[in-house]
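# Structural overview
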Amino acid sequence: MSGCCLSMESRAGPRPGGLSYCVAFSQLLGLTVVAVTGAWLGLYRGGIAWESDLQFNVHPLCMVIGLVFLQADALLVYRVFRNEAKRTTKILHGLLHGCAFVMALVGLVAVFDHHRKRGYPDLYSLHSWCGLLAFVLYVVQWLVGFSFFLFPGASFSLRTRYRPLHIFFGASIFLLSVGTALLGLKEALLFKLGTKYSTFEPEGVLANVLGLLLAGFALVVLYILTRAEWKRPPQAEEQALSMDFKTLTEGDSPGSQ
C-alpha cells in the first residue's frame, strides 16, 4: 500500500519552483489591468451605463474582463491545477471559457447597440475586424474543444491529434485578443484627444500605462504557457490510455517500452 502511495506521489510530483510566483504575478497584473480599465472609463469617459451614451463603455470593460483576463485564467488552469483529476480540470477550463464568452458577448451587444442608436457605422476599422475575428475564432475553439474533450468527447486518437492544434489556437486567440484591445485603446484615444494626444494629456498617459500593463500581462501568461517543465504532468489514467493507444496503433506490447 505504501509503495502504491509513493508511486502516485512520484507521478504527481511537487509544484515546480517559480511557477506559483509567476502565476500569482500574472493574477496581480490581470486584476490591475481590469482595475485600470475601470479607472480610465470612470475618470475620463464618464463611467458605465446601459441606457445612455455611456453604453459604449460597457464594451471595453467587458472585453478586457472576458477575452483578456478570464481567457488567460482558462489557459492557466492546466498549470495551476497540476495534480487534480483531469476531468475536474477540464470542467473548470470550460467554465472559465464560458464566462469569458458571456462577458465578450455582452461587450459586443453593447457596442453594436450603441452604434445602432447613434447611427454610427459598424465594422470599418482594423480594431473591429480583428475583434470580430478573435470572437468568432474563440467561439469555434470553445465549441470544438467542448465536443472533443468534454461532452460527448471524441476518441482518444482524435483527441491526441487535435490537442496540439487546440493549444496553439488557444494561445493565438489570446494574443489576438490582447492585440485587438491595444488597437481599440489607441483608436479611442485618437478619436477623443486627436492632436492633444501628443501633449501628454493625463488620459493619454493613463491609457498608455494600461497598454503596457496589457502587454506585460500577455507576456507573463505566454511565458508560463511555454515553459516545458511547467506543463501538467500526465496522470495515471492518461498514461494507461496512451500506452493502450500506442499498442493498438503500432503493435507494441506495454512491456516493451
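Residues numbered from 1 in each chain as written. Predicted model: local features only at pLDDT ≥ 70, side-chain atom pairs only at ≥ 80, totals over all residues. Heavy atoms only, no water.

The name given to the protein chain in an unreviewed UniProt entry is Transmembrane ascorbate-dependent reductase CYB561, with Pipistrellus kuhlii as the source organism. Within the UniProt record for the protein chain, the comment given under Subcellular location (unreviewed entry) is "Cytoplasmic vesicle, Secretory vesicle, Chromaffin granule membrane". Turning to the protein chain, the UniProt annotation filed under Catalytic activity (unreviewed entry) states: "monodehydro-L-ascorbate radical(out) + L-ascorbate(in) = monodehydro-L-ascorbate radical(in) + L-ascorbate(out)". (UniProt positions renumbered as here; feature names shortened; annotations may be inferred.)

### Section: the packing of helix 3 (residues 58–80) against helix 6 (residues 156–193)
Following both chains from N to C, one finds helix 3 and helix 6 inclined at 160°, their axes separated by 10 Å at the closest point. Overall, the two elements helix 3 and helix 6 adopt an arrangement that is roughly antiparallel. Where helix 3 crosses over helix 6, the handedness of that crossing is left-handed. Across the interface between the two elements, L67, V68, Q71, A72 and L75 from helix 3 touch G170, A171, I173, F174, S177 and V178 from helix 6. Residue composition of the contact of helix 3 with helix 6, by class: 8 nonpolar, 3 polar and no charged. (Axes fitted to C-alpha atoms, helices over the stretch in contact; angles between N-to-C directions. Helix = DSSP H or I, 4+ residues; strand = E, 2+ residues; numbered from the N terminus. Parallel < 35°, antiparallel > 145°, perpendicular 65-115°, else oblique. Left-handed = near helix turned anticlockwise from the far one by under 90°. Contact = heavy atoms within 4.5 Å. Nonpolar A, V, L, I, M, F, W, Y, C, P; charged D, E, K, R; others polar.)

### Considerations on the packing of aromatic side chains
Throughout the structure, instances matching the rule amount to 9 aromatic pairs. Look at F101 and F135: their rings are 5.8 Å apart centre to centre, the planes differ by 15°, and that puts the pair in the stacked class. Placement of F101 in helix 4 (residues 86–118) and of F135 in helix 5 (residues 126–149) is noted, with a sequence separation of 34 residues between them. Exposure remark for F135: the relative accessible area of 11% places this residue in the buried category. Ring geometry for F148 against F149: centres 6.4 Å apart, planes inclined by 55°, an arrangement best described as tilted. On the basis of relative accessible area, F149 is assigned to the buried category, the value being 11%. Clustering of aromatic rings is evident, with ring pairs tying together F69, F174 and F217. Between the NZ or CZ atom of R227 and the centre of the ring of W230, over which it lies, the distance is 4.2 Å. (Phe/Tyr/Trp six-rings, centres within 6.5 Å; stacked < 30°, edge-to-face > 60°. Buried < 20%, exposed > 50% of the residue type's maximum accessible area, 1.4 Å probe, protein only. Lys NZ or Arg CZ within 6 Å of the ring centre and 35° of its normal.)

### With respect to the confidence of the model for the protein chain
With 85% of its residues at a pLDDT of 70 or more, the protein chain has an overall mean of 87. Note that residues 1–11 has pLDDT below 50 and, in this model, 3 contacts with residues that lie over four places away or in other chains. Considering only residues more than four positions removed or in separate chains, one finds that residues 240–257, a stretch of pLDDT under 50, has 13 contacts. (pLDDT = per-residue confidence, 0-100.)

### Comments concerning helix 3
Along an α-helix, residues three or four apart share an orientation, since each turn contains 3.6 residues. Most pronounced at A74, the bend in helix 3 amounts to some 30°. Where burial is concerned, most of helix 3 is hidden: 21 out of the 23 residues are buried. (Bend = angle between axes of the 7 residues up to and from the residue.)

### Quick word on a nonpolar patch on the surface
Taken together, the side chains of F112, L123, W129, L132, V136 and V140 define a hydrophobic patch exposed on the protein surface, amounting to about 540 Å² of accessible area. Per-element tally for the nonpolar patch: the top contributor is helix 5, with 4 residues. Mapped onto the elements, L123 comes out in the loop between helix 4 and helix 5. On the basis of relative accessible area, L123 is assigned to the partly exposed category, the value being 37%. (Patch = residues over 30% accessible without salt bridge, like charges linked within 9 Å, V, L, I, M, F, W, Y side chains within 5 Å. Areas by Shrake-Rupley, 256 points an atom, 1.4 Å probe, with all protein chains shown as cover. Salt bridge = Lys/Arg side-chain N within 4 Å of Asp/Glu carboxyl O.)

### A word on the pattern of salt bridges
Under the defined criterion, the tally for this structure stands at 7 salt bridges. The salt bridge partner of D113 is R116, with a shortest N-O separation of 2.5 Å. Residue D113 and its partner R116 are both found in helix 4; the two are separated by 3 residues, about one turn of the helix. Accessibility expressed as a relative area gives 15% for D113, which makes it buried. For D113, the salt bridge identified is with K117, shortest N-O distance 3.1 Å. Placement of both D113 and K117 in helix 4 is noted, with a separation of 4 residues, approximately one turn of the helix. Taken together, the salt bridges that share partners define one network made up of E51, D113, R116 and K117.

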